[in-house]
Every structure is written in structure tokens, then in C-alpha cells.
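Listed here are the chains, written in short residue letters.
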Amino acid sequence: MKYAYIEISGACNLSCSFCPYSKGSSKAFMSETLFSTITQKLAPHIQEIYLHILGEPLLHPHLKNLLKIAADASLPVNITTNGTLIQQQQDTLLSSSNLRQINFSTHALEEIKDIDQARDLVLHMIQFAQQAMKSRPDLYINFRLWNLKDNTNTTWNSWLKKTLSQSFNCEFSGHTFSVRHKSFWIRDRIYLHMDTRFDWPKPKAIKENTSTHEISGTCMGLISHIGVLLDGTVVPCCLDYSGAINLGNLKTKNFEEVLTSPRALKIKKSFLEHKLIEGLCQTCGYCKRFKKSLKA
């Protein structure tokens, strides 16, 4: 399996309308002890980890230690962040040799009322990327713009693309966004990634599989990736932020036990057959994007 999404932070310093964080979240952070247990159990089976599901990972008070724990487990780290704390965490991030990729969710700043503040935060991200080009040329950096609707040329989108173009001496005018062409190279390992806004799946009050019918669709959950919530609960994918599909907890179980549980095997089989049998999956727009069945 390629990825594990590990939720290290239950806190966030923004409250974006598109994110379910504001509709119920904790202020807790994953302990170093639990993170170490999780990475040790995942390391033989996972190629890379992401330090987010919900919450802002750069808020974690012991981020530097977590990055070292991941390095000791030989797990490359990817981080998705709203970028508001990039100046404070710059030295920690750039000095972490196993940090593979940083994704800046620039669309999260569009809702900040103080437009000058929002733009300054983007400039901090650009300064970080420019420094990374010098000291960490191996680091991938994505500027994400995921609030696209029918009209992609909003004031914020236009300003962001113009600012990136001027800062990195690149040009986006000849690039047209489409579902098959979302990433645009800026320079070195720096990219602009654009996508349409999506709605998070609605967690039904399901602790076991109680769906009485199937809906067509599939997912890469349990095939290419899994998610681990703040308390160690394993879920099939990074969108199950509420733990609606609880497959077991890595505090007490090995990863192999979780993956071979009857529920996990049934879900994976259904995805491969292009069927959605879990209530949460049936409300997920991502599951319905895939037109063909997957292969194991």
C-alpha cells in the first residue's frame, strides 16, 4: 500500500466553509508515543505518510519530534497545510531530510476577511518555496487551488496565478484547466494544482455496515491508502474524518489484523467490483468519479 493519512492535529486556526472541521472538532494533538506506535506498525506496509486528515498539522507543538520519528521509521512525509504558520515552521520543515512534499491549500485563505493578510500569507508560502529551491531542491511543493467553480477567474484565483507567475517567472495564460489536466509546472519541483470544490461525505450514524442496497462507484481506499485518526482508529480513506467506518485501532491491533478484518476485506472487494456498500461511501462524491472498476 502506498499511503497512510495520519491525523496528528485535531485543531485548526481557520474555519473554512468547505471543511467539516468547524462542524465538530477537538483541540487535541496526537501524542508522540501514539505516533511512534503507529509509524512502527505501518512502516513494513506503507511507502509514504501524509500528516493530515482534518486539523492543521503545523499547529502540532512537537512537529519536529514527529518528523524525526517518521524519519527513524524510514517513512517519507507529505504535509498538507493552510500555510498560515509556514514562517514559524520553516526551519523545522526544511531541516527534515525525510520531508518529501508540502501542499499549500491556498483556497483556504480566500475566506479570510482581511484580504491584505491573506495575500501576505501567500507571499510567505512563496518565500518558503524560494528558499526550498536553494536548500531543499528535492522537496516537492504544490500550491493548491481547489475552490474552482464554473467561473475559474475569480478575483482570488486571478491574483494568485498572477502572483505565482511574477514570483517564479512562469506563465499560466496558455494553460486551460480540465479534469484531465490539473497540475501546472511552475519551476523545479514547484507546481500549481487546480481542482473543483467538492463536498465532504456526510457521516451517517453507522458503526457497522447496515446498508441494505448497493450503489455503483469505487475508491482507492484500502487499495492505495488508508487513514488513521487522532486516536489511532483506522478508516478506509482520508475522507472518513468521523470514523464512521471503524476498522480497528492501532493502539491495540497490528496493521495486518486491521487489513484482514471481515469488514475491511468486504469493503475492498466491493470497491474492486465497483460497488459501494457502506453508507458513508454512498454519500461520497469521490467514489462516484471513477467510471471503471479497479484492479488489485
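The following refers to the structure shown.

What counts and what doesn't
- Residues numbered from 1 in each chain as written.
- Predicted model: local features only at pLDDT ≥ 70, side-chain atom pairs only at ≥ 80, totals over all residues.
- Heavy atoms only, no water.
- Helix = DSSP H or I, 4+ residues; strand = E, 2+ residues; numbered from the N terminus.
- Buried < 20%, exposed > 50% of the residue type's maximum accessible area, 1.4 Å probe, protein only.
- Contact = heavy atoms within 4.5 Å.
- Areas by Shrake-Rupley, 256 points an atom, 1.4 Å probe, with all protein chains shown as cover.
- Pairing = 2+ DSSP bridges.
- Right-handed = clockwise from strand over helix to strand, strands pointing away.
- Salt bridge = Lys/Arg side-chain N within 4 Å of Asp/Glu carboxyl O.
- Axes fitted to C-alpha atoms, helices over the stretch in contact; angles between N-to-C directions.
- Parallel < 35°, antiparallel > 145°, perpendicular 65-115°, else oblique.
- Left-handed = near helix turned anticlockwise from the far one by under 90°.
- Nonpolar A, V, L, I, M, F, W, Y, C, P; charged D, E, K, R; others polar.
- Polar contact = N/O pair within 3.5 Å; in protein donor to acceptor, adjacent residues only side chain to side chain.
- Arc of directions from axis to C-beta.

Some details on the overall build of the protein
- Helix and strand counts for the protein stand at eight helices and 11 strands.
- Residue burial in the protein is summarised as follows: out of 296 residues, 54% are buried.
- In the protein, the proportion of contacts linking residues at least 24 apart, taken out of those at least 6 apart, comes to 69%.
- As displayed, the protein has an accessible area near 14,100 Å², and 50% of this comes from carbon and sulfur atoms.

Quick word on the pairing of strand β4 (residues 99–105)
- The buried count for β4 comes to six of seven residues, which makes it a mostly enclosed element.
- With five bridges joining them, strand β3 (residues 77–81) and β4 adopt parallel strand pairing. Residue T80 lies in a different strand from β4, and its bridge partner there is N103.
- Since β3 and β4 lie parallel, the crossover through helix α3 (residues 86–94) that links them has a hand, and here it is right-handed.

Some points on the pattern of salt bridges
- Taken as a whole and assessed by the stated rule, the structure comprises six salt bridges.
- The partner of D138 in a salt bridge is R136, with the nearest N and O atoms 2.8 Å apart.
- Looking at R136, the relative accessible area reads 7%, which means it is buried.
- When the shortest N-O distance is used, the salt bridge between E273 and K275 registers 3.6 Å.

Quick word on the packing of helix α1 (residues 32–42) against helix α2 (residues 63–72)
- At a minimum axis distance of 10 Å, the contact between α1 and α2 shows a crossing angle of 20 degrees. The orientation of α1 with respect to α2, classified from their angle, is roughly parallel. Read as a crossing pair, α1 and α2 show a hand that is right-handed. Two secondary-structure elements touch here, α1 through E32, F35, S36 and T39 and α2 through N65, L66, I69 and A70.
- Of the residues in the contact of α1 with α2, the class split is four nonpolar, three polar and one charged.

Structural notes on the packing of α2 against α3
- Close contact between α2 and α3 brings their axes to 10 Å; oriented N to C, the two are set at 20 degrees. By the angle between their directions, the pair α2 and α3 is classed as roughly parallel. When the axes of α2 and α3 are compared, the crossing they make is right-handed. Between α2, through L63, K64 and L67, and α3, the contact on the second element is made entirely by Q89, T92 and L93.
- Split into classes, the residues belonging to the contact of α2 with α3 amount to three nonpolar, two polar and one charged.

Thoughts on the side chain of N98
- Among the structural elements, N98 can be located in the loop between α3 and β4.
- Side-chain polar atoms of N98 contact the backbone oxygen of L75, separated by 3.1 Å.
- When residues no more than four places from it in sequence are discounted, the contact partners of N98 are L67, A70, A71, L75, P76 and V77.

A short note on α1
- Along α1, the residues classified as buried are L34, F35, I38, T39, K41 and L42. Along the axis of α1, the buried positions cluster into a sector of 165 degrees, meaning they face one direction only. What points out from α1, more than 90 degrees from its buried face, is the exposed set T33 and Q40.
- Its buried side turned inward, α1 meets β1 (3–6), β2 (48–50), α2, β9 (225–228) and α6 (255–259).

Overview of the pairing of β9
- Across the two faces of β9 the burial is the same, with H225 and G227 and I226 and V228 all buried.
- Bridge count for β1 against β9 is four bridges, and the pairing is parallel. Bridged to Y5 within β9 is G227.
- As paired elements, β9 and strand β10 (residues 234–235) share two bridges and run antiparallel to each other. From the neighbouring strand, G227 faces β10, where its bridge partner is V235.
- Counting the residues that bridge the hairpin from β9 to β10 gives five residues, and of these G232 lies at a positive phi of roughly 100 degrees.

Considerations on unusual backbone geometry
- Even without being a glycine, L222 presents a positive backbone phi close to 70 degrees.
- With respect to the element layout, L222 can be found in the loop between β8 (215–216) and β9.
- We note that H274 has phi near 65 degrees; this positive angle belongs to a residue other than glycine.
- H274 sits in the buried class, given a relative accessible area of 17%.

Re helix α7 (residues 262–272)
- Of the residues making up α7, those classed as buried are R263, A264, I267, S270 and F271. Mapping the buried residues of α7 onto a view down its axis gives an arc of 130 degrees, with all of them on the same face. Residues of α7 that are exposed and angled more than 90 degrees away from the buried face: P262 and K266.
- On its buried face, α7 sits against α6, β11 (275–276) and α8 (279–282).

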